[in-house]
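Understanding the architecture of this molecule
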Amino acid sequence: CVCPAGSELQGDTCQPCPSDSYKEWDGLDSCDACPDHSTGDSSGEWCECMEGFVDDGSDYPVGCVCPAGSELQGDTCQPCPEGSYSGEDGVELCVPCDAGSSTDGPGATECAECAEDAYCVGGAPAEDCPEFSSSQPGALHRDDCECDDGFIASDVSNSFSCVCLAGTTLGV
């Protein structure tokens, strides 16, 4: 008795391979376990990547890794947090952006220069400059935000803000 591909001999009958295994040839051999982050396809003859993973292109049977823009957390791929990135498939940990750059949100594949009127400390989401202040693109710190004309910096209780110059009011 020879069992077809996708099945193995159990007792005296051929049974389909369990869902986490495969066998791609006819014979009496047992089914082999699928590699990490993969499961047997519907035929039991091959393994396919689990949801959220991508095939790394390696041969036999399959290599499943997290796609670019994500990192492995436990047994799942999670988007890189805002302020970090992974630029290629298979990266296990996202890389923090350098100071002066950030990402547009989670799941980024690259960092971009911090936008005008914001600052980026690196490895964190971009922060908007306080109201009535602005910065040049690529600003690194809140100190790089300068008050707009007609306003002056106020640092009350360690909270930076821009207030109207003495003797002026904000026009409504």
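Before any of the text, the structure's been laid out above.
Quick look at the structure, then. (Residues numbered from 1 in each chain as written. Predicted model: local features only at pLDDT ≥ 70, side-chain atom pairs only at ≥ 80, totals over all residues. Heavy atoms only, no water.)

**Side note on the overall build of the protein chain**
Definition in use: Secondary structure is summarised from DSSP: a helix means a run of H or I of at least four residues, a strand means a run of E of at least two, and numbering begins at the N terminus for each. When accessible area is computed with a 1.4 Å probe and restricted to protein chains, residues below 20% of their type maximum are described as buried, those above 50% as exposed, and intermediate ones as partly exposed. Whether two residues touch is decided by their heavy atoms; if any such pair falls within 4.5 Å, the residues are in contact. Per-residue and other accessible areas were derived by the Shrake-Rupley procedure at a 1.4 Å probe size, with only the shown protein chains allowed to occlude residues.
Each helix and strand counted, the protein chain has zero helices and 20 strands in total. Along the first, second and third principal axes, the C-alpha atoms of the protein chain reach 100 × 25 × 25 Å. Buried positions account for 32% of the 172 residues belonging to the protein chain. Residue pairs at least 24 apart in sequence account for 22% of intrachain contacts in the protein chain once pairs closer than 6 positions are excluded. Carbon and sulfur atoms make up 48% of the accessible area of the protein chain, which amounts to about 10,300 Å² in all.

**Describing the nonpolar core**
Using the following cut-off: Take the buried Ala, Val, Leu, Ile, Met, Phe, Trp, Tyr and Cys residues and link them wherever side-chain atoms come within 4.5 Å; each set so joined is a nonpolar core.
Grouped together as the largest cluster of nonpolar side chains are eight residues: Tyr 22, Cys 34, Cys 47, Phe 53, Val 62, Cys 64, Cys 66 and Cys 77. Beyond its immediate stretch of four places on either side in the chain, Cys 66 contacts Phe 53, Val 54, Glu 71, Leu 72, Cys 77, Asp 89 and Gly 90.

**Details of the side chain of Ser 133**
Going by this rule: Polar contact is the term for a pair of N or O atoms within 3.5 Å; when the atoms are in protein, one must be able to donate a hydrogen and the other to accept it, and sequence-neighboring residues count only if both atoms are side-chain atoms.
Tracing the sequence through the fold places Ser 133 in strand β17 (residues 133-134). In this structure Ser 133 comes out as buried when scored by relative accessible area, which is 10%. Side-chain polar atoms of Ser 133 contact the backbone oxygen of Pro 130, separated by 2.5 Å.

**A short note on the state of the cysteines**
Definition in use: Here, the term disulfide refers to a pair of cysteine sulfur atoms separated by no more than 2.5 Å.
By the definition in use, this model includes 10 disulfides. Covalently, Cys 34 is tied to Cys 47 through a disulfide, its sulfur atoms 2.1 Å apart. Given an S-S torsion of about -85 degrees, the disulfide between Cys 34 and Cys 47 has left-handed geometry. With a gap of 13 residues between them, Cys 34 in the loop between β4 (32-33) and β5 (38-40) and Cys 47 in strand β6 (residues 47-49) connect regions that are remote in the sequence. On the basis of relative accessibility, which here comes to 2%, the residue Cys 47 falls in the buried class. Two residues share a disulfide in this structure: Cys 97 and Cys 111, whose sulfurs sit 1.9 Å from each other.

**A look at unusual backbone geometry**
The backbone phi angle of His 37 is positive, close to 65 degrees, even though this residue is not glycine. Take His 37: it is sitting in the loop between β4 and β5. Overall, the relative accessible area of 17% leaves His 37 in the buried class. Even without glycine at this site, Phe 132 takes up a positive phi of about 70 degrees. With respect to the helices and strands, the residue Phe 132 is situated in the loop between β16 (127-128) and β17.

**With respect to the environment of Pro 106**
Examined against the element boundaries, Pro 106 turns out to sit in the loop between β13 (101-102) and β14 (112-113). Sequence separation of Pro 106 and Ser 70 is 36 residues, and the distance between their C-alpha atoms is 8.7 Å. With sequence-adjacent residues up to four places away left out, Pro 106 is seen in contact with Pro 79, Cys 80, Pro 81 and Glu 82.

**Quick look at the environment of Glu 24**
Mapped onto the secondary structure, Glu 24 falls in the loop between β3 (21-22) and β4. On the accessibility criterion, Glu 24 (34% relative accessible area) is partly exposed.

**Side note on the pairing of strand β10 (residues 76-79)**
Look at any regular strand and the pattern is simple: side chains alternate between the two faces of the sheet. Convention followed: In short, DSSP must find at least two bridges between two strands for them to pair.
Bridge analysis of strand β9 (residues 70-73) against β10 gives four bridges, and the strand direction is antiparallel. Among the inter-strand pairings, Gln 73 is bridged to a residue of β10, identified as Thr 76. Turn length for the β9-β10 hairpin, with the two strands adjacent in sequence and antiparallel, is two residues, and the turn residue Gly 74 shows positive phi of about 65 degrees.

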